[in-house]
Amino acid sequence: MTEIPTFDFVTVEGLKIHYRILGEGPPVIALHGAAGNLLDWEIGPARELAKRHRVLLLDRPGFGFSERPANGHELSVQARILASAAQKVGFPRAILIGQSFGGAVALAWALERPDSVAGLCLIAAPSHLWPGGVGPLYTTLSAPVIGPVLAHVLPRMAPESRIEGRIARIFHPAAPPEGYLERIGVSLSLRPKQLRAAAMDLTRLKPQIRAMVPHYPSLKMPVEILHGKADRVVLLRLHSRPLARAVPDARFTRLPGQGHMLHHTATPTFLDAVGRLAARTAEANNAARAGGHA
C-alpha cells in the first residue's frame, strides 16, 4: 500500500486537528469535500495556489487524521473547531475556500465568524434544499446499530472497480488525475470511523442547510461561486444558482462541460476566482489603513 503522508497537528478543544501549510503570500484556507481529506488539495490544486498564497489545508473533524467530537456532524461545530485551529496556526483572517461538503462548512464558518473570513470561494457547494435524501447506503451507515457493523464489513466488500467508479462519477465528464486514488489515501476513506463520519455528515445535512438559508443575505464579504454545468453530484440549479441570488456581493461562474471537481479540472478558473478575492481583500486593507491615517 502506498505510504500516506502526515503533516502537522494542532489541538483544539482537546482534539488533534491535522493540517498542512504551503507557500507564501495572502492567506487562504481550503476545506475538502464529503469523504475526502486534505490530500485531495495537497496533491494538485494547493500546490498551484501556493505559488501565489500562503495556504492552510485542514482535515475536517473525523477525516484524514483529524479527531472528531461526538457532535462532529454539526456544521457549526466543524466550523468552530477549524476556525480555532486556523487562528492557532497563524490564520486569524483569510480567504476561505470550500469544495463540495467543505463549502457547506465554509458557509457556516462565514455566517458564524464573519470577521475571520476575508472572502469566500465556494466550489460546487451544497447550499440549499434538494428533493429526497442522500441514498440508502449512507442512511444505513448512519444508523445506530447496523451502521457500525456495515462500516466494518463494507471495506472488505468494496472492490477496487467500485471505488474507481465512484471517483469517475465525481470527476465526470473529466477524468481524474493520474494516480488520484492512491495519492489521496483512499484507505483513509474506507476506515470504519470515517465511513460513519461521512454518513453522519450527509444524512444530517439537510436540516442544517434549511436553518442557514435565511441568513445568506447577511454575508457581507465578497463571494466567488464556481459550479460545473455537468455536475451530477451537487446540482447547479438547486444550489449555486439560488445562492448567487441570495448573497449580496457574489460573483457566479458557471463552467460548461465541467463536473464536481473543478479545483482539479478547471484549476486556472479557480485560481482566477481566488485572485479576485485577494485583490478585493488588498483593496479593503489599503482603504482601512488610509482611513486610519486620515
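Scroll up to find the structure.
Values in this document were obtained by computation on a predicted structure and should not be read as measured data.

Cut-offs and rules
- Residues numbered from 1 in each chain as written.
- Predicted model: local features only at pLDDT ≥ 70, side-chain atom pairs only at ≥ 80, totals over all residues.
- Heavy atoms only, no water.
- Pairing = 2+ DSSP bridges.
- Helix = DSSP H or I, 4+ residues; strand = E, 2+ residues; numbered from the N terminus.
- Axes fitted to C-alpha atoms, helices over the stretch in contact; angles between N-to-C directions.
- Contact = heavy atoms within 4.5 Å.
- Phe/Tyr/Trp six-rings, centres within 6.5 Å; stacked < 30°, edge-to-face > 60°.
- Buried < 20%, exposed > 50% of the residue type's maximum accessible area, 1.4 Å probe, protein only.
- Lys NZ or Arg CZ within 6 Å of the ring centre and 35° of its normal.
- Core = buried A, V, L, I, M, F, W, Y, C linked by side-chain atoms within 4.5 Å.
- Expected span 1.5 Å × (residues − 1).
- Arc of directions from axis to C-beta.

Turning our eyes to something else, we now look at the sheet that holds strand β4 (residues 54–58). Sheet strands line up and pair through hydrogen bonds in the backbone, either parallel or antiparallel. If you trace the eight strands from one edge of the open sheet to the other, you get β1-β2-β4-β3-β5-β6-β7-β8, paired in mixed fashion. Edge positions in the sheet fall to β1 (8–12) and β8 (250–255), since each of these pairs with one other strand and no more. Taken over all neighbouring pairs, the strand axes of this sheet differ in orientation by 25° on average, direction set aside. In terms of strand pairing, strand β6 (residues 117–123) meets strand β7 (residues 223–228) through four bridges, oriented parallel. Across the sheet, L120 pairs through a bridge with V223, a residue of β7. Set on the sheet, helix α3 (residues 75–88) makes contact with β1, β2 (15–22), β3 (27–31) and β4; between it and β1 the angle comes to about 120°.

What follows is about the packing of aromatic side chains. Going through the model one piece at a time under the given rule, you end up with two aromatic pairs. Between the aromatic rings of W41 and F270, the centroid separation amounts to 5.5 Å while the plane-to-plane angle is 50°, which identifies the pairing as tilted. Linking W41 in helix α1 (residues 39–42) with F270 in helix α14 (residues 267–293), this pair joins segments that are 229 residues apart in sequence. Neither residue differs from the other here; W41 and F270 are each classed as buried. For the pair F171 and Y180, a centre-to-centre distance of 5.0 Å together with 80° between the ring planes defines the contact as edge-to-face. We note that F171, like Y180, is buried. Above the face of the F63 ring, R60 is positioned so that its terminal group lies 4.5 Å from the ring centre.

This next bit is on the nonpolar core. Counting residues in each nonpolar core, the largest one holds 48 residues, and the members touching the most others are I17, I29, L31, L58, W109 and L120. When near neighbours in sequence (up to four residues on either side) are disregarded, L31 contacts W41, L58, L82, L96, I97, G98, Q99, G102, V105, A106 and W109. Formed by 28 residues, the second largest nonpolar core is a distinct cluster that contains L38, W41, L49 and L57.

Taking 1.5 Å as the rise per residue, helix α6 (residues 146–157) with twelve residues should run 16 Å; its terminal C-alpha atoms sit 16 Å apart, in good agreement. Those residues of α6 not exposed but buried are G147, A151 and L154. Viewed end-on, α6 has its buried residues packed into an arc of 70°, placing them on one side of the element. In α6, the exposed positions angled more than 90 degrees off the buried face are occupied by V149, R156 and M157.

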